[in-house]
Amino acid sequence: MRFRGNLFAASFPILMEVSTYMARVANADGCFVVITPERMSFVMKTGGEDIQTFVHLAMAKLFVDVVLESRSENQIAFTLSIANFSKALQSGKEASGILLRLLKRDGRSFLSLRARTVDVDIVQNIPIEVVSMASAENYKEPRVPSPTVAVEIPALRSLRTVTDRLKAMQKYLTIEAKMDGSLRLRVQSDTFALETQHVNFKPRFDLVQDAEVDGDGSSTEVATDRASTVRVDGRHFAKMLSVDGNAVTTVLCCLIDNRALVLHSILCEGFGSFTCYSPVIAQE
């Protein structure tokens with residue numbers, strides 16, 4: 001089993017931003033990584049009401065001079081600490097080149113990062129646990145129906161600011177979205193109710209259930225008053241909204257009745273995407 005690859009200069013800030021985001025969002029530190037000839041995937045998946053995060057990055061965009069060999073059709077899977085990986089990448093900010101490779105020492109496996117600078121090479125070895133590719137079946141993205149409502153959010157900062165205030169008032173947050181491009185956030189208790197409304201988001205008719213796309217790419221089968229309401233942990237939603245970095249070009253907010261709230265972010269220049277799933281909390 002072998003893997004090594006030199007990071008493109010343009011790919012380093014993308015990888016660092018994504019790893020920082022995953023470390024911030026995840027409730028657990030363990031991250032499942034799969035490397036194939038086509039892509040490098042990072043999965044943070046736990047049980048219960050926790051967020052599940054899936055990142056898929058194009059290998060051709062990340063690395064040059066790649067060597068990838070294994071008995072599992074040149075696919076490798078392992079687990080690591082996403083916090084350690086994110087910290088290791090920090091050492092490469094001023095590097096002229098970064099090499100990632102797998103190595104084994106004294107019976108232990110590592111993902112080694114070598115950052116080359118003018119004066120010195122910085123090497124950091126991140127402990128990993130190599131697992132079988134069969135384990136990857138347990139880390140696939142959840143199979144969910146097409147969204148009931150989907151909107152494209154141009155900027156997340158104002159929405160995150162409001163969410164931070166609401167989650168301080170009540171644990172659970174009710175989110176209602178409509179295909180007219182509006183989004184409502186609501187918290188309530190026995191003694192109060194507070195609601196905020198955000199408008200002029202772009203409805204994505206091409207993504208929702210029952211939509212039929214015409215030849216020009218438009219869809220008129222779904223009414224603009226179609227709505228969906230989900231109840232989620234406000235802290236989780238606030239973390240999901242921290243995704244608005246330089247690497248992100250498009251953020252899609254998708255509501256699936258009685259199933260999940262999904263935030264799908266598309267990265268710039270075809271680097272890939274990452275998706276967060278927050279389970280719906282049943283009404284009390």
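Rules used in this analysis
Residues numbered from 1 in each chain as written. Predicted model: local features only at pLDDT ≥ 70, side-chain atom pairs only at ≥ 80, totals over all residues. Heavy atoms only, no water. Helix = DSSP H or I, 4+ residues; strand = E, 2+ residues; numbered from the N terminus. Rg over C-alpha atoms; globule rule 2.2 N^0.38 Å. Buried < 20%, exposed > 50% of the residue type's maximum accessible area, 1.4 Å probe, protein only. Contact = heavy atoms within 4.5 Å. Areas by Shrake-Rupley, 256 points an atom, 1.4 Å probe, with all protein chains shown as cover. Lys, Arg positive; Asp, Glu negative; His and termini not counted. Charge placed at Lys NZ, Arg CZ, Asp CG, Glu CD. Salt bridge = Lys/Arg side-chain N within 4 Å of Asp/Glu carboxyl O. Domains from an automatic or database assignment. Buried area = accessible area lost by both parts, 1.4 Å probe. Polar contact = N/O pair within 3.5 Å; in protein donor to acceptor, adjacent residues only side chain to side chain. Pairing = 2+ DSSP bridges. Axes fitted to C-alpha atoms, helices over the stretch in contact; angles between N-to-C directions. Phe/Tyr/Trp six-rings, centres within 6.5 Å; stacked < 30°, edge-to-face > 60°. Lys NZ or Arg CZ within 6 Å of the ring centre and 35° of its normal. Left-handed = near helix turned anticlockwise from the far one by under 90°. Nonpolar A, V, L, I, M, F, W, Y, C, P; charged D, E, K, R; others polar.

The next point concerns the overall build of the protein. Along its length, the protein carries five helices and 18 strands. In terms of overall size, the protein behaves like a compact globule, its C-alpha atoms giving a radius of gyration of 21 Å where 284 residues would be expected to give roughly 19 Å. With respect to the three principal axes, the spread of C-alpha positions in the protein is 60 × 50 × 40 Å. Classification of the 284 residues of the protein by burial places 47% in the buried group. Taking the intrachain contacts of the protein between residues at least 6 apart in sequence as the baseline, contacts between residues at least 24 apart amount to 61%. Accessible surface computed for the protein: about 14,000 Å², of which carbon and sulfur atoms make up 45%. Separation between the mean location of the 32 positive side-chain charges and that of the 33 negative ones in the protein comes to 7 Å.

Here the focus is the pattern of salt bridges. Inspection of the entire model under this criterion finds eight salt bridges. Two residues, Glu152 and Arg204, come together in a salt bridge whose shortest N-O distance is 3.0 Å. Here Arg204 lies in the loop between β14 (202-203) and β15 (227-233) and Glu152 lies in strand β10 (residues 149-153), a separation of 52 residues in the sequence. Each member of the pair, Glu152 as well as Arg204, is classed as buried. Look at the salt bridges and you will find they share partners, linking Glu176, Arg184, Arg186 and Glu195 into a network.

Turning to the domain arrangement of the protein, a few remarks are in order. Entries for the protein in the domain assignment read domain 1 (2-139) and domain 2 (149-279). Put simply, the middle of domain 1 and the middle of domain 2, counted by C-alpha atoms, are 29 Å apart. Contacts between domain 1 and domain 2 engage 21 residues on the former and 22 residues on the latter. Carbon and sulfur atoms make up 59% of the area that domain 1 and domain 2 hide from each other, which totals about 1,900 Å². For the pair domain 1 and domain 2, the interface holds zero salt bridges. Across the contact surface, domain 1 and domain 2 share nine residue pairs in polar contact (both at pLDDT 80 or more). Of all elements in the fold, only α1 (11-25) and β4 (52-58) reach the threshold of two or more residues within the side of domain 1 that touches domain 2.

The next subject is the sheet that holds strand β12 (residues 183-188). Through backbone hydrogen bonds, the strands of a sheet pair up, either in parallel or in antiparallel fashion. Across the sheet, which stays open at both edges, the four strands sit in the order β13-β12-β11-β15 with antiparallel pairing between neighbours. Taken across any chain shown, the strands that pair with only one partner, and hence form the sheet edges, are β13 (193-198) and β15. Strand-to-strand twist of the sheet, defined as the mean angle between neighbouring strand axes without regard to direction, takes the value 20°. Note: β12 against β13, six bridges, orientation antiparallel. Paired with Arg184 across the bridge in β13 is Gln197. Contacts from helix α4 (residues 157-167) reach β11 (172-178), β12 and β13, with the element oriented near 10° to β12.

Following the criterion strictly, the structure yields five aromatic pairs and no others. When the centroid spacing of 5.6 Å and the interplanar angle of 80° are considered together, the rings of Phe3 and Phe63 count as edge-to-face. Linking Phe3 in strand β1 (residues 2-7) with Phe63 in strand β5 (residues 63-69), this pair joins segments that are 60 residues apart in sequence. Note on accessibility: Phe3 and Phe63 belong to one class, buried. Between the NZ or CZ atom of Lys61 and the centre of the ring of Phe271, over which it lies, the distance is 5.8 Å.

What follows concerns unusual backbone geometry. Leaving glycine aside, a negative phi is the common case for residues, and trans is the common case for peptide bonds. Even without glycine at this site, Asp106 takes up a positive phi of about 50°. Tracing the sequence through the fold places Asp106 in the loop between β7 (97-105) and β8 (108-116). Here the phi dihedral of Asn200 falls at roughly 70°; this positive angle occurs in a residue that is not glycine. Along the chain, Asn200 falls in the loop between β13 and β14.

This part takes up the packing of α1 against helix α3 (residues 82-90). Relative orientation of the contacting elements α1 and α3 amounts to 145°, with a least axis distance of 9 Å. Along this stretch, α1 crosses α3, giving a crossing that reads as left-handed. Only Ile82, Ala83, Phe85, Ser86, Leu89 and Gln90 of α3 make contact with α1, whose side of the interface consists of Phe12, Leu15, Met16, Ser19, Thr20, Met22 and Ala23. Tallied by class, the residues present in the contact of α1 with α3 amount to nine nonpolar, four polar and no charged.

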